[in-house]
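Summary of structural features
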Amino acid sequence: MSTSNIYDESYYIVFPDYEFEEYDNDLTPTEYTANTNWYFEKLSFGIKPLSFISDNDNLDFLNQDYVIAFNSPNFVVKQKLKEVLEDGLYGSQFFPAIIQDENNNAVEGVWALNTFDELDCVDFKRSQFLMPEGGTTEIDGFRIHPDMDNYRFREDVLDAIPENERLIFQVGNTTSGKIFFHQKVVDIFKKYDVKGIRFFKASEYHVGDEF
């Protein structure tokens, strides 16, 4: 097993906490939201907010200032959490959003992570992943990305970007495009006791650990 570097140790892969039962923090995008391609295209401010449906009977859980909800791998936060996270984003922005329940009650003033530029920083020489047999990298004109078992990061890529500009990033050139948080962001979530989220250090994570 190859040794880990400083980035393998300082970044965490982020998942919903699948054992969390206080409320359901999984969101479903509305058709309008899905059609904006908000998870890979940069949106222009001025269009109407993104909208998501919550499976909860009510939206009481959104009464907290520091709360997160997921449309994995992206997520939605309240204003106060947005304010302490937004300076560290790479290739993404917080975009106005609304969360609705099935009874058409709605909470406005929440913010969705609109991702549009992935960070291609995986060190494939040290990471474990699956590719189609035979070494195929393209099928019908579509590039085949590695299906990751674990993640190790390239120092040269991350060294070239100031730390405060990559505290949150979406990893590129993989099938799932997972989002990673720097230790500084994990510390913010712990400071405010944000519920329903789990963190796995990149150096320790292996696919399936989230379950």
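Residues numbered from 1 in each chain as written. Predicted model: local features only at pLDDT ≥ 70, side-chain atom pairs only at ≥ 80, totals over all residues. Heavy atoms only, no water.

A look at the overall build of the chain
Across its full length, the chain carries five helices and 14 strands. Across the 211 residues that make up the chain, the buried fraction comes to 49%. The long-range fraction of contacts in the chain, counting pairs at least 24 apart against all pairs at least 6 apart in sequence, stands at 69%. Of the roughly 10900 Å² that the chain leaves accessible, carbon and sulfur atoms contribute 45%. (Helix = DSSP H or I, 4+ residues; strand = E, 2+ residues; numbered from the N terminus. Buried < 20%, exposed > 50% of the residue type's maximum accessible area, 1.4 Å probe, protein only. Contact = heavy atoms within 4.5 Å. Areas by Shrake-Rupley, 256 points an atom, 1.4 Å probe, with all protein chains shown as cover.)

Notes on the pattern of salt bridges
Applying the stated rule across the entire model yields six salt bridges. The residue Asp 156 makes a salt bridge to Arg 154 at a minimum N-O spacing of 2.8 Å. The exposure class of Asp 156 is partly exposed, given its relative accessible area of 49%. Residue Arg 154 is classed as partly exposed on the basis of its relative accessible area, which comes to 33%. (Salt bridge = Lys/Arg side-chain N within 4 Å of Asp/Glu carboxyl O.)

A short note on the pairing of strand 13 (residues 179-182)
Going residue by residue along strand 13, you find Ile 179 and Phe 181 tucked away on one face and Phe 180 and His 182 tucked away on the opposite face as well. Summarising the sheet, strand 1 (residues 11-16) and strand 13 pair through three bridges and their orientation is antiparallel. Within strand 13, the position partnered with Tyr 11 by the bridge is His 182. Sheet topology places strand 12 (residues 168-170) next to strand 13; three bridges connect them, and they run antiparallel. Within the sheet, the bridge partner assigned to Ile 168 lies in strand 13 and is Phe 181. (Pairing = 2+ DSSP bridges.)

Thoughts on the pairing of strand 7 (residues 106-115)
Counting buried positions over the 10 residues of strand 7 gives seven, a clear majority of the element. As paired elements, strand 5 (residues 74-78) and strand 7 share three bridges and run antiparallel to each other. For Val 77, the partnering residue across the bridge sits in strand 7 and is Trp 111. As paired elements, strand 6 (residues 92-100) and strand 7 share eight bridges and run antiparallel to each other. Looking at strand 7, one finds that Pro 96 is bridged to Trp 111.

Re the sheet that holds strand 14 (residues 197-201)
Across the sheet, four strands lie side by side as 12-13-1-14; this open sheet has antiparallel pairing. With one partner strand each, in any of the chains shown, strand 12 and strand 14 form the two edges of the open sheet. With strand direction ignored, the average angle separating the axes of adjacent strands in the sheet is 35 degrees. Together, strand 1, strand 12, strand 13 and strand 14 form the strand contacts of helix 5 (residues 183-191), whose direction differs from that of strand 13 by roughly 85 degrees. (Axes fitted to C-alpha atoms, helices over the stretch in contact; angles between N-to-C directions.)

Regarding the nonpolar core
Counting residues in hydrophobic clusters, the biggest one holds 24 residues, and the most contacted among them are Phe 75, Phe 181, Phe 189 and Ile 197. Broken down by element, this core gets its largest block of residues, four residues, from helix 5. (Core = buried A, V, L, I, M, F, W, Y, C linked by side-chain atoms within 4.5 Å.)

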